[in-house]
Amino acid sequence: MLRVGMLTSGGDCQALNAAMRGVVKGLYAKSDEIEIYGFRDGYKGLMYSNFDMLTSKDFSGILTRGGTILGTSRQPFKLMREPDKDGNDKVAMMKHTYHKLNLDCIIILGGNGTHKTANLLREEGLDVITLPKTIDNDLWGTDMTFGFQSAVDIATDTIDRIHTTATSHSRVFIIEVMGHKVGYVTLHAGIAGGADIILLPEIPYDIDVITDVINKRAAAGKPFTILAVAEGAISKEDAELPKKEYKKKVAERPYPSIAYELEKQIQERTNKEVRITVPGHTQRGGTPCAYDRVFATRVGAKAADMVHKGEFGYMVAMKNGEITKVPLSEVAGKLKYVDPDAGIIKEAKLTGISFGDE
Ligand code: F6P
């Protein structure tokens with residue numbers, strides 16, 4: 001009997017269910033002697049031994065379903081070594097559940113924080129395989145994460161819809177896209193949606209450059225402007241601040257987010273009507289796009305194959321279109337940022353898109 005634990009951790013995204021379905025199909029394809037332990041709400045389920053015994057039937061018909069049938073929660077890595085409210089050691093509790101259930105391995109679907117904890121569990125002797133989930137596409141060691149393409153499609157659809165109303169009213173529109181540290185969703189949705197200005201955390205902006213673009217477009221007979229702005233977009237002055245000071249400034253900012261600060265600045269400087277649209281969590285919701293279904297199924301199948309072969313301590317990844325595995329020790333604690341010198345940025349600039357930097 002093969003006893004496989006499974007959990008989804010951190011912010012949800014599309015194709016989590018598709019990935020788990022891929023794992024389970026792959027496991028059962030080689031053997032019927034499988035027990036699946038589905039832990040509820042991420043690492044919390046592993047800590048408090050809250051799980052459901054699942055069979056292949058439970059994973060049937062979920063390819064197109066968004067969210068996660070296991071539930072999820074955010075359990076910050078920095079608090080993992082701190083006792084819970086009853087004074088219990090969280091890591092010890094997770095190890096205890098794993099050993100008590102006599103698990104052969106645990107499959108963990110998650111993003112950056114999740115991978116740090118997964119690596120910690122590996123260091124503590126558990127057999128772990130992870131799958132790369134996040135709309136942000138910011139996991140180091142893989143070219144792609146599932147959820148990303150679906151989020152890009154949704155953010156692009158938002159920009160498309162804004163385009164028509166922005167044109168009718170000759171307005172400036174700011175569409176704030178998810179991504180506090182990394183701007184992949186904004187970059188791709190911005191290009192796909194035909195944004196005129198794209199602001200990313202990785203490329204600090206100058207407000208004068210932004211207003212210049214808006215004024216020049218107006219002078220050229222294009223009275224509307226679309227800005228795709230990442231949640232973590234940052235001005236050049238703010239990028240100079242020490243991290244702590246910047247965090248304090250953001251916490252004390254009299255605006256709910258960067259989009260509102262930009263709205264005020266642009267309105268004051270250009271005399272144009274500015275509106276904001278924040279698609280927010282719609283970017284993580286609903287049905288996964290076809291690309292994510294395929295990708296999630298592939299990584300799921302690879303994970304199952306690794307379980308059968310006893311290959312543990314890895315994240316399943318995509319490199320140059322092929323599904324492969326990367327040691328968890330290499331992945332944990334690193335972020336994959338948008339490279340400001342990447343070809344995609346250069347090509348976007350060649351089409352006249354401004355990144356607010358020059
Ligand atoms: O990490 C994924 C992500 O969707 C970010 O892009 C976003 O900033 C954040 O999660 C939102 O987190 P929460 O769902 O906890 O509000």
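Here, the structure is the one placed above.
So, a few notes on the structure that sits alongside this text. Computed from a predicted structure; not experimentally measured.

### Some points on the layout of surface pockets
- Of the voids in this model, the second largest pocket is the one considered here, and its volume is about 170 Å³.
- Tyr-205, Ile-207, Ser-235, Glu-237, Asp-238, Tyr-246, Lys-249, Val-250, Arg-253, Glu-261 and Gln-265 together form the lining of the second largest pocket.
- Elements represented by at least two residues in the lining of the second largest pocket include exactly helix H8 (236-240), helix H9 (243-252) and helix H10 (258-270).
- The biggest single contributor to the lining of the second largest pocket is H9, with 3 residues.
- Residue composition of the lining of the second largest pocket, by class: 4 nonpolar, 2 polar and 5 charged.

### Things to note about the side chain of Gln-14
- Note that Gln-14 resides in the loop between strand S1 (2-8) and helix H1 (16-30).
- Given a relative accessible area of 0%, Gln-14 falls into the buried group.
- In terms of polar contacts, Gln-14 uses its side chain to reach the backbone carbonyl oxygen of Gln-283, at 2.9 Å.

### Some points on the sheet that holds strand S6 (residues 172-177)
- Taken together, 4 strands build an open sheet; the order of strands is S7-S8-S6-S9 and the sheet is parallel. Across the chains shown, the open sheet's two edge strands, defined by having one partner strand only, are strand S7 (197-199) and strand S9 (274-277). Averaged over all adjacent pairs, the angle separating strand axes in this sheet is 20°, with direction ignored.
- Pairing analysis gives 4 bridges linking S6 to S9, with the strands arranged parallel. Looking at S9, one finds that Phe-173 is bridged to Arg-275.
- Lying over the sheet, helix H7 (residues 207-219) contacts S6, S7 and strand S8 (225-230), oriented at roughly 165° with respect to S7.

### Things to note about the pattern of salt bridges
- Counted by the stated rule, this structure contains 20 salt bridges.
- In this structure, Lys-30 engages Asp-305 in a salt bridge whose closest nitrogen and oxygen atoms are separated by 3.2 Å. Taken together, the positions of Lys-30 in helix H1 and Asp-305 in helix H11 (residues 290-309) put the pair 275 residues apart, joining distant regions of the chain.
- You can call Lys-30 exposed: its relative accessible area is 57%.
- Residues joined in a network through salt bridges with shared partners are Lys-30, Asp-305 and Lys-309.

So, how was this worked out
Residues numbered from 1 in each chain as written. Predicted model: local features only at pLDDT ≥ 70, side-chain atom pairs only at ≥ 80, totals over all residues. Heavy atoms only, no water. 1 Å grid on protein atoms, 1.4 Å probe; cavity = no way out; pocket = protein on both sides within 12 Å on 5 of 7 lines; lining within 4 Å. Points joined across faces, edges and corners; volume = space filled by probe spheres on them. Helix = DSSP H or I, 4+ residues; strand = E, 2+ residues; numbered from the N terminus. Nonpolar A, V, L, I, M, F, W, Y, C, P; charged D, E, K, R; others polar. Buried < 20%, exposed > 50% of the residue type's maximum accessible area, 1.4 Å probe, protein only. Polar contact = N/O pair within 3.5 Å; in protein donor to acceptor, adjacent residues only side chain to side chain. Pairing = 2+ DSSP bridges. Axes fitted to C-alpha atoms, helices over the stretch in contact; angles between N-to-C directions. Contact = heavy atoms within 4.5 Å. Salt bridge = Lys/Arg side-chain N within 4 Å of Asp/Glu carboxyl O.

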